[in-house]
Amino acid sequence: MPRYVALLRGVSPMNCQMPVLRRCLEDAGFTDVKTLLSSGNVAFSTPRAASVVALQRRVENAMHDGAGYGFMTIVRPTAHLQQLLAADPFAAFKLRAGAKRVVTFLREPLAASPVELPLKYGEACILGLDGGEVLCSYVPGAKGPVFMRLLEKTFGKTITTRTWDTVARCAAA
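Now for a quick tour of the structure. Everything numeric here is computed off the predicted structure, so don't read it as measured data.

Turning our eyes to something else, we now look at the sheet that holds strand 8 (residues 133–138). Reading across from one edge, 6-7-8-5-9 is the order of the 5 strands in this open sheet, with antiparallel pairing throughout. In this open sheet, the two edge strands, each paired with only one partner strand, are strand 6 (119–121) and strand 9 (159–163). Put simply, the sheet's adjacent strands are angled 25° from each other on average, direction ignored. In this structure, strand 6 lies alongside strand 7 (residues 124–130), joined through 3 bridges in antiparallel fashion. By the bridge assignment for strand 7, leucine 119 is matched with isoleucine 126.

Next up, the structure:
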């Protein structure tokens, strides 16, 4: 049975309880539902073949129907995340010491970046685009990951961002 990960934008423990989210997806017919961390990562299987776009819609509808709220959702097959990790696209870039690797997921893949990359912003750098994923790095600082505004300005708001470690946890779920 195919396995997927739903990456929800804007989720925190304050605005979405993981047991409620899990129940919403189970009630919608998804199986082996597992929430990861408290930041809107949900692994699931589905007996019905469906496109990623259809699954995104089903997950969003499940939240709305079961909990009365929703979050923009990006779905990726776990096999895709595993391939991304195995390819280690960050190896092609020289990262600064202490830099965190981050992947921004686009709802719609792009054939080309709307801006020339790499694009630096303070201690952050948008390194490259690989279809539906934007590779970024940043050195943690007092201002936090300030490049999020730059990502939204460049790629729009139908994105969600995860650390490389979180991507690994999602791929293994």
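Don't stop here, the text continues.
This brings us to the layout of surface pockets. Quantified by volume, the largest pocket comes out at close to 260 Å³. Lining the largest pocket are 15 residues; nearest its centre among them are Val102, Met148, Thr161, Arg162 and Thr163. Considering each element in turn, the lining of the largest pocket owes the most residues, 5 residues, to strand 9. Of the volumes computed, that of the second largest pocket is approximately 200 Å³. Taken together, 14 residues line the second largest pocket, and the ones lying closest to its centre are Lys94, Arg96, Lys120, Cys125 and Ser137. Counting residues per element, the ones that place at least two in the lining of the second largest pocket are strand 7 and strand 8.

With that settled, consider the packing of helix 1 (residues 18–27) against helix 2 (residues 52–67). At a minimum axis distance of 8 Å, the contact between helix 1 and helix 2 shows a crossing angle of 110°. Relative to helix 2, the element helix 1 is oriented roughly perpendicular. Considering how the two elements wind past one another, helix 1 and helix 2 form a crossing that is right-handed. Two secondary-structure elements touch here, helix 1 through Val20, Leu21, Arg23, Cys24 and Leu25 and helix 2 through Val59, Ala62, Met63, Gly66 and Ala67. Of the residues that constitute the contact of helix 1 with helix 2, the class distribution is 8 nonpolar, 1 polar and 1 charged.

All right, on to the packing of aromatic side chains then. Enumeration according to the criterion identifies 4 aromatic pairs in this entry. Ring plane angle 70° and centroid distance 5.7 Å describe the contact between tyrosine 69 and phenylalanine 71, whose orientation is recorded as edge-to-face. Owing to a relative accessible area of 24%, tyrosine 69 belongs among the partly exposed residues under this scheme. With relative accessibility at 13%, the residue phenylalanine 71 sits in the buried group. The rings of Tyr4, Phe30 and Phe44 are connected pair by pair, giving a single aromatic cluster.

Reading guide: rules and limits
- Residues numbered from 1 in each chain as written.
- Predicted model: local features only at pLDDT ≥ 70, side-chain atom pairs only at ≥ 80, totals over all residues.
- Heavy atoms only, no water.
- Pairing = 2+ DSSP bridges.
- Helix = DSSP H or I, 4+ residues; strand = E, 2+ residues; numbered from the N terminus.
- Axes fitted to C-alpha atoms, helices over the stretch in contact; angles between N-to-C directions.
- 1 Å grid on protein atoms, 1.4 Å probe; cavity = no way out; pocket = protein on both sides within 12 Å on 5 of 7 lines; lining within 4 Å.
- Points joined across faces, edges and corners; volume = space filled by probe spheres on them.
- Parallel < 35°, antiparallel > 145°, perpendicular 65-115°, else oblique.
- Left-handed = near helix turned anticlockwise from the far one by under 90°.
- Contact = heavy atoms within 4.5 Å.
- Nonpolar A, V, L, I, M, F, W, Y, C, P; charged D, E, K, R; others polar.
- Phe/Tyr/Trp six-rings, centres within 6.5 Å; stacked < 30°, edge-to-face > 60°.
- Buried < 20%, exposed > 50% of the residue type's maximum accessible area, 1.4 Å probe, protein only.

Nothing here speaks to function; it is geometry throughout.
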